[in-house]
Amino acid sequence: MTEEPASPEPTGQAAARASPSRRAEGLALLICVLAGTLLSLYPHLRAWIEQGDPVFVADRDELEIYLPTATRSYLEHPFRLADPVPRGGGRTMFPWQQLGPGVLLARALSWGPLGVSFAWRLLAGLLIGGLTYVTLRQRLRRPAVACVLTLFLLADLGLVFGKPLLYQLSALLGLVRGDEALLAGWPKLHANWRLITPALSWPWVLVACTLWLRLAERSSPKRRALAGVALGALVAVYFYHWTAAALGLALWFLLAPERRRDALHVAWIAVAVGLPALIAGSLLKAEAPPDWLVRSDKFVPIARTSELAFPKSAWALALITFPWLWRRRRDLLPLACFALGALLLLNHQLLSGLRIENWHWQYGYGPLLCLLLAFALGIEWERRWPKGPPRGLGVGVCLVAAAFVTSGLFLRHKGCESRLTRHLNQALGDYREHHQGRSRELVAGQRDYVACAAAVDGSRSLSGELLRFSPAVSLVTWEEREALNAALLGLTPGEFRRQQERALGESFFRGLVEATPGGLEEVLLRRIRHFQRARLDLAATAERLGVQELALPLGASSAHLPRGWVRLRAGPRWEVWAPQASAPKRRE
């Protein structure tokens, strides 16, 4: 049964989209794909030009978590992901739908494990550039209008935060004034191209938006099925996207009575498609230690009225676009419901009493609100100039779009100069030059070396962020391994306590501290006991946990190491030691 579109004015979008020439359509799509690819791949291209090698990592999450997971998959089983912490692998919390395609592409082209990052960004640029244009064309008649708006969205620094244009202008002015805060600490420029989310999850959302909009345009069994499959696929892609989509679908059911049959059909199809992923997630949670999610600050009980968030820019954008949509274009209601679902879930603790790293829902509401604004601007532009704007105005807008993309590319360039990004890439370069292919099975020691060994050679890590996210590791095992790593590095009890106080003071560990009856002091005392036991018999503890290699900072004292440990090699950044029993007979 076919139903009329829920729009207050006749649209005829299907006929309108078919009217432009294939050349105009193809050229507009090509421009968007090339712009997306350039913005996404720019850090690799810059490294290629400057160093002759396209290897690049942006932050610690990429080097310490995502790449090690992908490297083990690349080397052993490219069609599935496994937890790289335990020997033999195991279930992992990371979705193959985000990481897997890049692994397959890099493996097929023999790019090596570090080529997976290049493949991820290549796919992100191609898909986000092309799919953003395709999504906008669902309601915009002219390819040129959709192309220009796509370029703005691709280059906009504030897309993720729901702060279009203004956030970019603020960042540019800050750099002109010499504001070092933009380049200090965690990379702050172009979060919309961050790996793995949102760069590898957003294409899935764009597909779902496109198919949902096509259903809103005209109902049919085929369109219902496609929309249901696309929304259901989000369950396996990203928790924060599928929950926002589910609430958005419920809102669409309430706000569009004439489309309730569509909403119900989409809902049962989405449940059928997403059910295997939900079951797999439930099994993973059941098999994991009870503290697994808490130590990554997920599903932490909190007061219902605490930590409420009301992003002013996002709500302002909603107040601008939603009334316009309700009066003029209710065929865009699915996008508004999707965005509103993410905004409402930002404060779900009012009902659930839990914290689930709520800020991640900005990866839903920020880009969706910006997309709605682009629709509003494009539709009003075409209403004002149905046959095209005056030549001067059209040329002026194109020039502004080109300038905006250039500014986005400049900010992408500056983002590569973040202190942390430079530090990590220098460490990765040193590891590849002096240590690649030589690391042992289980590596301990300085944080950067351990991460590089896991990302480049697929070594297992004694300590690090991977353990915090591993469902195979209990809280006791994790803290014991962190304590042993500190003891092998030669830290004193005072240094270890200060290190742990700094680490546990970070927001990532709030859940662990809050879930412990004695709070921070109890966690500290527990970790210090592990540290003291490790120091009492360092050799036995290292042997029991299977440590085969230790990286000390160059020039650091090795007097604390057990008798029988030998130095294998040294580079400009690290000295590598191993127990004599596990050291190879011949070394350079």
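Just above sits the structure.
Residues numbered from 1 in each chain as written. Predicted model: local features only at pLDDT ≥ 70, side-chain atom pairs only at ≥ 80, totals over all residues. Heavy atoms only, no water.

1. A closer look at the packing of aromatic side chains
Phase 1 of the analysis: Within this structure, the stated rule accounts for 19 aromatic pairs.
Phase 2 of the analysis: Centre to centre, the rings of W111 and F118 are 5.3 Å apart; their planes meet at 85°, and the pair counts as edge-to-face.
Phase 3 of the analysis: The buried category is assigned to F118, whose relative accessible area is 13%.
Phase 4 of the analysis: Cluster of aromatic residues (ring-pair linked, three or more members): Y238, F239, Y240, W242, F299 and W361.
Phase 5 of the analysis: Above the plane of the ring of Y74 lies R107, whose end atom (NZ or CZ) is 5.9 Å from the centre. (Phe/Tyr/Trp six-rings, centres within 6.5 Å; stacked < 30°, edge-to-face > 60°. Buried < 20%, exposed > 50% of the residue type's maximum accessible area, 1.4 Å probe, protein only. Lys NZ or Arg CZ within 6 Å of the ring centre and 35° of its normal.)

2. Remarks on the state of the cysteines
Phase 1 of the analysis: Tallied over the entire structure, the rule returns zero disulfides.
Phase 2 of the analysis: C398 forms no disulfide, and the closest cysteine sulfur to it belongs to C147, at a distance of 8.1 Å.
Phase 3 of the analysis: With relative accessibility at 46%, the residue C398 sits in the partly exposed group.
Phase 4 of the analysis: Among the cysteines around C452, which has no disulfide bond, C416 carries the closest sulfur, lying 18 Å off.
Phase 5 of the analysis: The buried category is assigned to C452, whose relative accessible area is 0%. (Disulfide = S-S within 2.5 Å.)

3. As for the sheet that holds strand β3 (residues 442-445)
Phase 1 of the analysis: Pairing is mixed in the open sheet, where five strands are placed in the order β4-β3-β5-β7-β6. Strands with a single pairing partner mark the edges of an open sheet, and in this sheet they are β4 (460-461) and β6 (565-570).
Phase 2 of the analysis: The strands touched by helix α18 (residues 447-457) within the sheet are β3, β4, β5 (549-553), β6 and β7 (574-579), with β3 carrying the most contacts at an inclination of about 160°. (Pairing = 2+ DSSP bridges. Helix = DSSP H or I, 4+ residues; strand = E, 2+ residues; numbered from the N terminus. Contact = heavy atoms within 4.5 Å. Axes fitted to C-alpha atoms, helices over the stretch in contact; angles between N-to-C directions.)

4. So, the nonpolar core
Phase 1 of the analysis: In terms of nonpolar packing, the biggest core is built from 134 residues, with W120, L136, W252, F338 and L369 touching the most fellow members.
Phase 2 of the analysis: Looking at this core element by element, the count peaks at 11 residues for helix α15 (residues 362-384).
Phase 3 of the analysis: Apart from residues no more than four positions distant in its own chain, W252 is found in contact with W212, L215, A216, R259, D262, A263, L333, P334 and C337. (Core = buried A, V, L, I, M, F, W, Y, C linked by side-chain atoms within 4.5 Å.)

5. Quick notes on the pattern of salt bridges
Opposite charge on two side chains permits pairing when their charged atoms draw close.
Phase 1 of the analysis: Here the structure, examined in full by the defined rule, presents 35 salt bridges.
Phase 2 of the analysis: A salt bridge links D297 to R355; its shortest N-O distance comes to 2.7 Å. Of this pair, D297 sits in the loop between α11 (260-287) and β1 (298-301) while R355 sits in strand β2 (residues 354-356), placing them 58 residues apart in sequence.
Phase 3 of the analysis: D297 gets classed as buried once you look at its relative accessible area, which sits at 3%.
Phase 4 of the analysis: K414 is the salt-bridge partner of E417, the closest N and O atoms lying 3.1 Å from each other. Here the two residues E417 and K414 agree in accessibility, since each one is buried. (Salt bridge = Lys/Arg side-chain N within 4 Å of Asp/Glu carboxyl O.)

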